[in-house]
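# Coordinate inspection notes
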Amino acid sequence: MFINIPSPLQQLKDFAGHQVLVKRDDLIDPYVSGNKWRKLKYILAGADAQQKNHLVTFGGAYSNHLVATAAACSKAGLKSTAFVRGDAVSCIHNEMLMLCRLFGMELIFTDRLSYKNKKLLFETQFTEDQNAFFVDEGGASPEAVKGCAEIIAELPEDIDHLFCAAGTGTTAAGLLTGIHQRGLKTKLHVIPVLKGGDFIADEISKYTGGTAQLILHTDYHFGGYAKTSPDLIDFIKNFTAAEGILIDPVYTAKMFYAIEHLHASGYFKPSDKIVALHTGGLLGLLGMKDKFEQI
Ligand SMILES: *Cc1c(COP(=O)(O)O)cnc(C)c1O
């Protein structure tokens, strides 16, 4: 499969004299973007090993995971189906689902109650299909952790602070696994994008067995998942214009905002080497056009 790995490491121009590097996983592929490719890599290998050629997965109507799965499956020559939470929506109203359909994914719109029991949905609708392979929402799995751990091998070993945004914490668990495996001194700073993000530490420990070198910053959620503020929208505009790097309001903008805020409060030593993982997800901008009306 053609995938642009290892992704580049780029220095930010405009960070008040401090060296901040960005691991551009957003450049892996426009659609199988960022951490979603890292998470899918070993899931696809697992399906292949079991000779399953039909991935069945789950997501909301603006899920980066769905587009990534649809695009990865078409590249790999696999069928894909997704249970989409909520009422049916037309392509006119949802660019993400339009892309899923273009990549050949079949969409099954599912009410919120039925959506809760994913295993049951899979078992009732795909009992007959010997080729169907269950992939959890967002790709959360030990395979995903393994794929994300590989990011560490593509980075310099002397990083003091590595930052990432977290939804489920699976990506962060992979990064921490990679740091521990290599015995690095790097601290992993995680920015949960949901309110009450303390649960992420437990999610990470489930995979890593411990939280040594993990620092959670739970105050940069901006009100919760997919919530924004005029301040965050301004930040996105200024950052993108200054750096030529797009960031999205759901994940990466909250992470870069946190880095800038910590930097302004004197959190880092001048000699500290900082890396931010750009996890991609830029199509998320398309679902939030209304937030940018005033820019
Ligand atoms: C899905 C996603 C995340 C969150 O990843 P988790 O492994 O669920 O924590 C972060 N950034 C982007 C851009 C994403 O699409």
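Below you will find a few notes about this structure. Source: prediction; values computed, not measured. (Residues numbered from 1 in each chain as written. Predicted model: local features only at pLDDT ≥ 70, side-chain atom pairs only at ≥ 80, totals over all residues. Heavy atoms only, no water.)

This brings us to the sheet that holds strand β9 (residues 214–216). Overall, mixed pairing links the 6 strands, which are arranged β1-β2-β10-β7-β8-β9 in an open sheet. Since the sheet does not close on itself, it has two edges, and those belong to β1 (9–11) and β9, each with one partner. If you compare each strand with its neighbour and ignore which way they point, the axes differ by 25° on average. Across the sheet, helix α10 (residues 252–264) is in contact with β2 (20–24), β7 (161–166), β8 (187–192) and β10 (274–278); its angle to β10 comes to roughly 165°. (Pairing = 2+ DSSP bridges. Helix = DSSP H or I, 4+ residues; strand = E, 2+ residues; numbered from the N terminus. Axes fitted to C-alpha atoms, helices over the stretch in contact; angles between N-to-C directions. Contact = heavy atoms within 4.5 Å.)

The subject of this paragraph is the packing of helix α2 (residues 64–76) against helix α3 (residues 95–102). When two helices pack together, their arrangement is given by the angle between their axes and by how far apart the axes lie. At their nearest, the axes of α2 and α3 sit 8 Å apart, and the two run at 20° to each other. Here α2 is positioned roughly parallel relative to α3, judged by the angle of their axes. Taken as a pair, α2 and α3 cross one another with a handedness that is left-handed. Only M96, L99 and C100 of α3 make contact with α2, whose side of the interface consists of N64, L66, V67 and A70. Among the residues forming the contact of α2 with α3, the class breakdown is 6 nonpolar, 1 polar and no charged. (Parallel < 35°, antiparallel > 145°, perpendicular 65-115°, else oblique. Left-handed = near helix turned anticlockwise from the far one by under 90°. Nonpolar A, V, L, I, M, F, W, Y, C, P; charged D, E, K, R; others polar.)

The next point concerns the packing of aromatic side chains. Summed over all chains, the structure comprises 15 aromatic pairs. A ring pair is formed by F58 and Y115, whose centres lie 6.4 Å apart and whose planes are at 75°; its orientation type is edge-to-face. Residue F58 is found in strand β3 (residues 54–59), and its partner Y115 is found in helix α4 (residues 112–116); the two are separated by 57 residues along the sequence. Three or more aromatic residues joined by ring pairs make a cluster, and in this case those are F58, F83, Y115, F122, F126 and F134. Taking NZ or CZ as reference, K36 lies 5.6 Å from the ring centre of Y251, over its face. Above the plane of the ring of Y42 lies K146, whose end atom (NZ or CZ) is 4.1 Å from the centre. (Phe/Tyr/Trp six-rings, centres within 6.5 Å; stacked < 30°, edge-to-face > 60°. Lys NZ or Arg CZ within 6 Å of the ring centre and 35° of its normal.)

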